[in-house]
Amino acid sequence: MTVPEKYGLGPIKVTAITGGRVEMAAPLTGSGYSVSGCSGGGSVSSGGGGGVGLSCGEGPAATINDAMSLEVVEIRDTAAVLRIEPVG
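Because the structure is a prediction, the values reported are computed rather than measured.

Caption draft 1: Focus on the nonpolar core. Residues L9, I12, M24, C56, M68 and L70 are the most contacted members of the largest nonpolar core, which totals 19 residues. Elements with a minimum of two residues in this core: β2 (21–27), β5 (51–57), β6 (62–64) and β7 (68–76). Among the elements that make up this core, the one with the highest residue count is β7 (four residues). Beyond its immediate chain neighbours, meaning those up to four positions away, M68 contacts V3, Y7, L9, I12, A62, T63, I84, E85 and V87.

Caption draft 2: Representation of the pattern of salt bridges in the model. All chains considered together, the criterion is met by two salt bridges. Residue R76 is joined to E74 by a salt bridge in which the shortest nitrogen-to-oxygen separation is 2.6 Å. Its relative accessible area of 29% is what places E74 among the partly exposed residues.

Caption draft 3: Spotlight on the state of the cysteines. Taken as a whole and judged by the stated rule, the model has one disulfide. One disulfide bridge connects C38 with C56, the sulfur atoms lying 2.2 Å from each other. Here C38 is found in the loop between β3 (35–36) and β4 (39–43), whereas its partner C56 is found in strand β5, with 18 residues between them in sequence. Each member of the pair, C38 together with C56, is buried.

Caption draft 4: Local environment of the pairing of β5. The element β5 is extensively covered by neighbouring structure, given that five of its seven residues are classed as buried. Pairing analysis gives seven bridges linking β2 to β5, with the strands arranged antiparallel. Considered in β5, the bridge of E23 is made with S55.

What counts, and at which threshold
Residues numbered from 1 in each chain as written. Predicted model: local features only at pLDDT ≥ 70, side-chain atom pairs only at ≥ 80, totals over all residues. Heavy atoms only, no water. Core = buried A, V, L, I, M, F, W, Y, C linked by side-chain atoms within 4.5 Å. Buried < 20%, exposed > 50% of the residue type's maximum accessible area, 1.4 Å probe, protein only. Helix = DSSP H or I, 4+ residues; strand = E, 2+ residues; numbered from the N terminus. Contact = heavy atoms within 4.5 Å. Salt bridge = Lys/Arg side-chain N within 4 Å of Asp/Glu carboxyl O. Disulfide = S-S within 2.5 Å. Pairing = 2+ DSSP bridges.

This is the structure in structure tokens:
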């Protein structure tokens, strides 16, 4: 799914839904990255680029780059409902 550029991420791709978690990957479009509320990792170069992986379960929304809220609303077998909106 495509997200606004101001969130600092390129299109987010769901890579797996397993064990009550949604695994996602996205390229970075800025020079920094932060996440709180679900596990995430990745790398970024000082000039931007790189990528990040996220693993989120149902529950409270995660905050990404202090700009985007990402919530896993529901997980059903091989499908998930995600809510993405601006922080604040």
